[in-house]
Amino acid sequence: MTNDFSLHPVDLTSAAAIAASGLRYDLVDTSNRAAFEAWFQADSRGFHGPSMSKEQVDSNFAGVTYRRTIGVWDDRLVAPEVPVATTSSWTEQLTVPGGQSIDAWAISSVTVSPTHRRRGIARSLLEGELRSAAAMGLPMAMLTVSESTIYGRFGFGQAVFAADLTIDTTRASLVAHERRGTLQHVSPTVFVSEAPPVFERIRLATPGQIKVWPLRWEQMAGTAPGDEEYTKNTRVVRFDDESGTPRGFVVYRVKGGGADFTHHKLTVDYLLAETPEAYEALWRFVLEVDLVREVKAELRSIDEPLLWLLSDMRAAQVSPIDHLWLRILDVPASLTARTYSGAAELGFDVSDDLGFAHGRFVLSTDEGGMPQVRPVEEFPATIASVALSVNELSSLYLGGVTVSALVAAGRITELTEGAAAVVERVFHAPTTPWLSIWF
Ligand SMILES: CC(C)(COP(=O)(O)OP(=O)(O)OC[C@H]1O[C@@H](n2cnc3c(N)ncnc32)[C@H](O)[C@@H]1OP(=O)(O)O)[C@@H](O)C(=O)NCCC(=O)NCCS
């Protein structure tokens, strides 16, 4: 990852729109700690977070200022240095089907102060981010969202779903397998140094995963300053294979059972497993901890293998949510960056109100699933073709969304009979997309 993007100037169209309402839109000088702190406090306030301590500001100043950090200021206010709106963006590696990753524009920290809401600031920020990403030659933008009602209007589509699990441990025995390897408690600092290489060895196996930046590992481990309750309750268990190599970790907390000591709740904050045996051993561990009645885990895969390990699948309640949203900016570059299942020729009539992805495109794949894309005026009569907006194309992109469901919902139109089934077959990713963190 390079940070050439961090100084890319703000979009002039958005700057003019924001200036028209008497506000100023600019990059934050992230070499200036005071300027960064004002921005960071506004970002936290925007998400109803607390005032950030000096230690938290220092840690974020060291950890996230490589990003393109943007503010909107209202110079008429009593504290004009505190922005009334924020964003933070960077080029990030997104895993796509075929075991590779592409550069995508990750957008985060989108906030507008409640005092300045619903006057078009977020629209200018988002459209500015998309124009800037396109100007930098990035094929795609992405974000995780606080609400699923906001970003469709900017061309984003839900591409990766996640599941929150609540497991009743009294019903949750695992199918018996031979137990190999070693489990042991390790300190959170061991997790911070050893988990990233384990994750890097498997990141490209799952579409939707992104690189995890160093501060995020520390936040997961509770070693970053901030939430003292989290830090003091966090435990880490490591799984080593028979040769003694670390193959997985679980970061978890246990909360008291009240009057009945057997009713503790265990929260899995992160579970990372490089091998099936690490996966089974770590889940078995959390489900068998004494005095725990309920295990909660957020942001797991919607195709979580654990469900198939449970002798009673209904021991787990599964609540899916939309998690990663993608926004294709460059159709040929995006579609040729992944591989597909088998040979086909497909036509996509893509509508995009913002223009980036608008047009007709033919995707040709060979027997090995390698793609070529060409813009066309008209589709050849012989090929399977569909009409859809950039939102739906972005949703389909990672191969985790069922095309027939989008047709049934009226969001994709078959231009030739049976085209949806062909798109489904060609786009399907053998591994269900999953993103294990927020950003
Ligand atoms: C979400 C937020 C950034 C919107 O900012 P804003 O400046 O008020 O938004 P805008 O005035 O630019 O609105 C742009 C469009 O989005 C719509 N919109 C804005 N917030 C929305 C919401 N929460 N739900 C649904 N629609 C929303 C507006 O109605 C407007 O629609 P239109 O232009 O298509 O008619 C702001 O409310 C906020 O900071 N919320 C709390 C933090 C948060 O959730 N951020 C998003 C992180 S992923």
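Analysis parameters
Residues numbered from 1 in each chain as written. Predicted model: local features only at pLDDT ≥ 70, side-chain atom pairs only at ≥ 80, totals over all residues. Heavy atoms only, no water. Core = buried A, V, L, I, M, F, W, Y, C linked by side-chain atoms within 4.5 Å. Buried < 20%, exposed > 50% of the residue type's maximum accessible area, 1.4 Å probe, protein only. Contact = heavy atoms within 4.5 Å. Near = heavy atom within 4 Å. Polar contact = N/O pair within 3.5 Å; in protein donor to acceptor, adjacent residues only side chain to side chain. Areas by Shrake-Rupley, 256 points an atom, 1.4 Å probe, with all protein chains shown as cover. Helix = DSSP H or I, 4+ residues; strand = E, 2+ residues; numbered from the N terminus. Nonpolar A, V, L, I, M, F, W, Y, C, P; charged D, E, K, R; others polar. Salt bridge = Lys/Arg side-chain N within 4 Å of Asp/Glu carboxyl O. Phe/Tyr/Trp six-rings, centres within 6.5 Å; stacked < 30°, edge-to-face > 60°. Lys NZ or Arg CZ within 6 Å of the ring centre and 35° of its normal. Arc of directions from axis to C-beta.

Q: For the nonpolar core, give the residues involved together with the corresponding values.
A: Core analysis: the biggest nonpolar cluster contains 89 residues, and Phe 156, Phe 191, Phe 348, Tyr 397 and Phe 427 have the highest contact counts within it. If we ignore the near neighbours within four places in the chain, the residues touching Tyr 397 are Val 96, Pro 97, Ile 102, Met 140, Leu 326, Ile 328, Ser 334, Leu 335, Ala 337, Arg 338 and Phe 427. Among the nonpolar cores identified, the runner-up in size contains 29 residues, and Ala 172, Leu 174, Tyr 252 and Leu 310 belong to it.

Q: Mind laying out the site of the ligand, listing which residues take part and the relevant values?
A: Surrounding the ligand, one finds 20 residues, the nearest of these being Val 110, Arg 118, Ser 146, Glu 147 and Arg 153. Note that an oxygen atom of the ligand is positioned 2.8 Å from one of the backbone N or O atoms of Arg 123. Coverage of the ligand by the protein amounts to 75% of the 900 Å² it exposes when considered alone. Those elements giving two or more residues to the shell around the ligand turn out to be strand 4 (100-112) and helix 4 (121-135). Looking at the shell around the ligand residue by residue, the classes come out as 8 nonpolar, 6 polar and 6 charged.

Q: With reference to specific residues and values, describe the pattern of salt bridges.
A: According to the stated counting rule, one finds 30 salt bridges in the structure shown. Linking Arg 131 and Glu 127 is a salt bridge whose minimum nitrogen-to-oxygen distance equals 3.9 Å. Of the two residues, Arg 131 and Glu 127 both sit in helix 4, 4 residues apart, roughly one turn of that helix. Among the residues examined, Arg 131 registers a relative accessible area of 26% and is labelled partly exposed. What makes Glu 127 buried here is its relative accessible area of 15%. Across the pair Arg 284 and Glu 280 runs a salt bridge, and its minimum N-O distance is 2.5 Å. Of this pair, Arg 284 and Glu 280 both sit in helix 8 (residues 276-288), separated by 4 residues, roughly a single helical turn. An identical accessibility class is assigned to Arg 284 and Glu 280; each is buried.

Q: Please set out the side chain of Thr 111 residue by residue, giving values where relevant.
A: With respect to the helices and strands, the residue Thr 111 is situated in strand 4. Polar side-chain contacts of Thr 111 include one of 2.6 Å to the side chain of Thr 86. With sequence-adjacent residues up to four places away left out, Thr 111 is seen in contact with Ala 42, Asp 43, Gly 46, Phe 47, Val 84, Ala 85, Thr 86 and Leu 125.

Q: Account for the packing of aromatic side chains, with residues named and values stated.
A: Centre distance and the angle of the planes are the two values used to describe a pair of aromatic rings. Summed over all chains, the structure comprises 16 aromatic pairs. Residues Tyr 151 and Phe 154 carry aromatic rings whose centres are separated by 6.4 Å and whose planes lie at 55 degrees to one another, so their mutual orientation is tilted. According to the relative accessible area criterion, Phe 154 is buried, its value standing at 3%. With a centroid separation of 5.8 Å and 90 degrees between ring planes, the pair formed by Trp 217 and Tyr 270 is classed as edge-to-face. Of this pair, Trp 217 sits in helix 6 (residues 214-221) while Tyr 270 is found in strand 10 (residues 264-273), placing the two residues 53 residues apart along the sequence. A single burial state applies to Trp 217 and to Tyr 270, both of which are buried. Joined through ring pairs, the aromatic side chains of Phe 191, Phe 199, Trp 217, Phe 249 and Tyr 270 make up one cluster. Directly above the aromatic system of Trp 213 lies the positively charged group of Arg 67, at a separation of 4.5 Å from the ring centroid.

Q: Could you give an account of helix 13 (residues 419-427), with specific residues and numbers?
A: Turning to helix 13, its buried residues are Ala 419, Ala 420, Val 423, Val 426 and Phe 427. Along the long axis of helix 13, the arc covered by the buried residues comes to 135 degrees, so they all point the same way.

Shape is all these values report; function is a separate question.
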